[in-house]
Amino acid sequence: MVDLSNVIRILPSMKSGDDLFSALEVLPEYDEDIRDCDVPVRLMVLSDLYRIYVPSQMSLEIYSKMYLALLRSLQKKGTKLAIQQKNQNHRAIIQQEYSGIMGGSDSFTIIGASGIGKSSAISRAITLITENRVIEVGNPYTKIIPCICVQCPFDSSVKGLLLEILRKVDEVIEGKYYQNALRARTTTDMLIGNVSQVALNHIGLLVVDEIQNVCNSKNGKSLVGMLTQLINNSGISICMVGTPESVVFFEQAMQLARRSLGLRYDVMEYGASFRTFCETVFSYQYVKVRTEITDAIMEWLYEHTSGNISVVVSLIHDAQEIAILSGKEILDLETLNEAYQKRLSMLHGFIHLEQKKQTSKSTKKVSVRSAGVKIPAKEGDRGEVTITGLVSVAKAENVDIVQLLKEHMTVLEVAV
């Protein structure tokens, strides 16, 4: 058992720099001899690609943010204010008189595009911070769960989320909060007081994933309001995780915006981090003929994934699966392109949209190269791409002018 008065010693020491990077990294064991095994064995082990985790700057920032949020939450437990808040929460359940003594603005968001590794980074951070253990506190004896992760209901049901929090708590400490709430048929107002009391006693950090579900639901603002009330009545830190569409929702009003301050990320840019990630994943080959990754392959991967690392992993995984099943037994641009066309067809539209966003500014000005020839720019036009320049290139290189126009501007083809 531990004493909450010395909260710094309860958690593992905070890591930073290379030590943190090494601790977060997950590289499954790989044996070169696996490439000589039977097809079923190789196909089974191929799924190890999805276990690879290469930390990025996002991973380091998420770890630090969550560690400090949990630390602040634990510091409030066992204080005089916490005892007063327990009494207030009890009155809230019985008399419906809500009064937040703990208060605080310990909510933050982690916003990022789907597939960039937010959930994986959060999972790795939680594992490192909590070491997957429950904190047992004496005088009075209680169990504190360092971190609980729940998903925002698809319909943003306030009661549904509150019951899910109780169910998750019961799973860890083997309690009966969830059963008692169902048996008593408690109202939403009573549940808020009940969950506030449970959170004050047993929860350090609450992570609410898929928070973008609040955007298209009439219950969205009610759910965020409930989370705010939960912070005020329990003092715990709440982390809301979602996609960029949730930003528009939180920007609607000041009371929502101030609750959504936090971290925001986008897909990887083509740079050292992306190259390192591709090299690591590409090294896990289960085809018989081993190949080395080249600059051309890395550029192709970026163009066909828009820097989304989850798509990169899926592409390399499916390319190897196709190569093994077809008997080609080699991971190259041909098998990668086959996987892109056959397995990722539903993502083509999203990937092309991302590419347009990334290149929309760079294609307005500055002379560009097409078919290996620099498009001529007239004197005084400051290097803008012109139709005249494109026609000159098409004539000189004998290429299709329509395709050339499509690369640099919007072209609408009309059937006659």
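These numbers come from a predicted model, not from an experiment. Residue numbering note: each chain is counted from 1, following its sequence as written. For this predicted model, a pLDDT threshold of at least 70 governs which residues receive local features, and a threshold of 80 or more governs which side-chain atom pairs are given and counted, while totals over whole chains, interfaces and linings are taken from all residues. Hydrogen atoms and water are omitted, and side-chain values are computed over all heavy atoms in the structure.

**Quick notes on the packing of helix H1 (residues 17-24) against helix H3 (residues 57-76)**
Step number 1: It is the contact of H1 with H3, at a shortest axis distance of 11 Å, that shows an interaxial angle of 100°. In terms of orientation, H1 lies roughly perpendicular with respect to H3. Of H3, the residues touching H1 (which contributes Leu 20, Phe 21 and Leu 24) are Ser 59, Leu 60 and Tyr 63.
Step number 2: Only Asp, Glu, Lys and Arg are considered charged in this grouping, and only Ala, Val, Leu, Ile, Met, Phe, Trp, Tyr, Cys and Pro are considered nonpolar; every other residue, Gly among them, is considered polar. By residue class, the composition of the contact of H1 with H3 is five nonpolar, one polar and no charged. Orientation is described by lines fitted to C-alpha atoms, with helices fitted over the stretch in contact, and by angles between N-to-C directions that extend from 0 to 180 degrees. The secondary structure listing takes helices from DSSP runs of H or I that are at least 4 residues long and strands from runs of E that are at least 2 residues long, numbered from the N terminus. Every angle not falling under 35 degrees, over 145, or within 65 to 115 is termed oblique; those three ranges are roughly parallel, roughly antiparallel and roughly perpendicular. Residue contacts follow a heavy-atom distance rule, with two residues in contact if any of their heavy atoms lie within 4.5 Å.

**Quick word on the pattern of salt bridges**
Working definition: two side chains of opposite charge can pair if their charged atoms are close together.
Step number 1: Any carboxyl oxygen of Asp or Glu within 4 Å of a side-chain nitrogen of Lys or Arg constitutes a salt bridge here. Tallied over the entire structure, the rule returns 14 salt bridges.
Step number 2: Its salt-bridge partner being Glu 338, residue Lys 342 comes within 2.8 Å of it at the nearest N-O pair. Taken as a pair, Lys 342 and Glu 338 lie in helix H15 (residues 333-343) at a separation of four residues, close to a single helical turn.
Step number 3: For every residue, the accessible area obtained with a 1.4 Å probe (protein chains only) is divided by the maximum for its type, and the residue is called buried under 20%, exposed over 50%, and partly exposed between those limits. Overall, Glu 338 belongs to the buried group, its relative accessible area being 18%.
Step number 4: Overlapping salt bridges, with partners in common, bring together Glu 32, Arg 35, Arg 290 and Glu 292 in one network.

**Points about the state of the cysteines**
Step number 1: Note on terminology: pairs of cysteine sulfur atoms within 2.5 Å are recorded as disulfides. Applying the stated criterion across every chain yields a total of zero disulfides.
Step number 2: Not engaged in a disulfide, the cysteine Cys 149 finds its nearest cysteine sulfur in Cys 147; these two sulfurs lie 4.3 Å apart.
Step number 3: A relative accessible area of 36% places Cys 149 in the partly exposed class.

**Here we look at unusual backbone geometry**
Step number 1: The backbone of Glu 174 shows a phi angle near 55°, a positive value even though the residue is not glycine.
Step number 2: For Glu 174, the location among the structural elements is in the loop between helix H6 (158-173) and helix H7 (177-184).
Step number 3: Note on Glu 174: relative accessible area 72%, which makes it exposed.
Step number 4: Notably, Glu 329 is not glycine yet its phi reads approximately 55°, a positive angle.

**Notes on the packing of aromatic side chains**
Both the distance between ring centres and the angle between the ring planes are used here to describe each pair of aromatic rings.
Step number 1: What counts as a ring pair is set by centres within 6.5 Å for rings of Phe, Tyr and Trp (its six-membered ring), and what kind of pair is set by the plane angle: stacked under 30 degrees, edge-to-face over 60, tilted for all other angles. Here the structure, examined in full by the defined rule, presents seven aromatic pairs.
Step number 2: Between Tyr 30 and Tyr 286, the aromatic rings sit 5.5 Å apart at their centres with planes inclined by 85°, giving edge-to-face as the arrangement. One end of the pair, Tyr 30, is in the loop between H1 and helix H2 (39-45); the other, Tyr 286, is in the loop between helix H12 (272-282) and helix H13 (295-303), and 256 residues separate them in sequence.
Step number 3: Judged by its relative accessible area of 23%, Tyr 30 is partly exposed.
Step number 4: An aromatic cluster of at least three residues, connected via ring pairs, comprises Tyr 30, Tyr 284 and Tyr 286.
Step number 5: Cation over ring: Lys 65 sits above Phe 108, and NZ or CZ is 5.3 Å from the ring centre. Ring-over charges, as used throughout, are those where CZ of Arg or NZ of Lys falls within 6 Å of the ring centre and within 35 degrees of the ring normal.

**Remarks on the side chain of Glu 329**
Step number 1: Inspection of the secondary structure assignment puts Glu 329 in the loop between helix H14 (309-326) and H15.
Step number 2: Looking at Glu 329, its side chain comes within polar contact range of the main-chain nitrogen of Lys 288, at 3.1 Å.
Step number 3: With sequence-adjacent residues up to four places away left out, Glu 329 is seen in contact with Arg 42, Val 287, Lys 288, Val 289, Ala 323 and Ile 324. Whenever two N or O atoms come within 3.5 Å, that pair is a polar contact, provided that in protein one can donate a hydrogen and the other can accept it, and provided that, for residues adjacent in sequence, both atoms are side-chain atoms.

**Digging into the confidence of the model for the protein**
Step number 1: Looking at any residue, its pLDDT shows the predictor's confidence there, from 0 to 100. This prediction gives the protein a mean pLDDT of 81; 79% of its residues lie at or above 70.
Step number 2: Confidence drops under a pLDDT of 50 for residues 100-104, and excluding neighbours within four residues, the segment shows 24 contacts in the predicted structure.
Step number 3: Throughout residues 359-383 the model reports pLDDT below 50, and contacts reaching past four residues in sequence, or to other chains, amount to 37 contacts.

**Observations regarding the packing of H1 against helix H5 (residues 118-130)**
Step number 1: Packing of H1 against H5 leaves a shortest axis separation of 10 Å and a crossing angle of 110°. If you check the angle between H1 and H5, you find them roughly perpendicular. When H1 is examined against H5, the residues Leu 20, Ala 23 and Leu 24 are found in contact with a partner set consisting of Arg 124, Ala 125 and Leu 128.
Step number 2: For the contact of H1 with H5, a count of residues per class yields five nonpolar, no polar and one charged.

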